[in-house]
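As a plain string of letters, each chain reads:
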Amino acid sequence: MSFQHLLSFLSVISLVAAAPRAASDVTATEWTTDSKWTPYNVDEGYRGACGRFIYPSEFGVAISVEDYQPGLCNRIVSLKSGEKHAFSQILDVCANCAKGDLNITERLFKYFNPDLTAAPLVGDWELANN
Ligand SMILES: *[C@@H]1O[C@H](CO)[C@@H](O)[C@H](O)[C@H]1NC(C)=O
């Protein structure tokens, strides 16, 4: 096989390899935009609806009753607000959140804005591909 043939052979392979990834990107969940985030005080710790303890030192997210399903527990979410980006984990359900809105741990809130009185923050989030 000539070098030129090898190159075109390899590019066909990479196209084939790329195809399933592209297909799963299309079916991946979309960003929820203009989501309102309130800070969530877990005190010394709090057992979320997903079953495990949420520590005050950690990033955690509670999603609305409407968005919640047990299969979303522990899924990683990607969050963006202003210039900042973070990953967090779905650990709880938020009883008073409107669909698409989040209750986020104070630790996570302060990462985006150290001033808790700035609540609610407005941001975008999506399920990460995990
Ligand atoms: C966030 O969670 C706390 C603690 O469970 C709760 O008191 C508060 O009402 C929640 N915020 C919203 C907007 O639901």
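Keep in mind the model is a prediction, meaning the values are calculated, not measured.

Along the chain, the position of Val 42 falls in the loop between β1 (32-40) and β2 (46-47). Excluding its chain neighbours within four sequence positions, the residues that come into contact with Val 42 are Ile 54, Pro 56 and Thr 105.

Let us now look at the pairing of strand β8 (residues 121-127). Alignment of β1 against β8, held across 4 bridges, turns out to be antiparallel. Its bridge partner being in β8, Trp 37 is matched across the sheet by Leu 121. Strand direction decides the pairing type here: strand β5 (residues 76-81) and β8, joined by 4 bridges, are antiparallel. Paired with Lys 80 across the strands is Asp 124, a residue of β8.

Here is what the cut-offs are and how they apply
- Residues numbered from 1 in each chain as written.
- Predicted model: local features only at pLDDT ≥ 70, side-chain atom pairs only at ≥ 80, totals over all residues.
- Helix = DSSP H or I, 4+ residues; strand = E, 2+ residues; numbered from the N terminus.
- Contact = placed C-beta atoms within 7 Å.
- Pairing = 2+ DSSP bridges.

These values are about where atoms sit, not about what they do.
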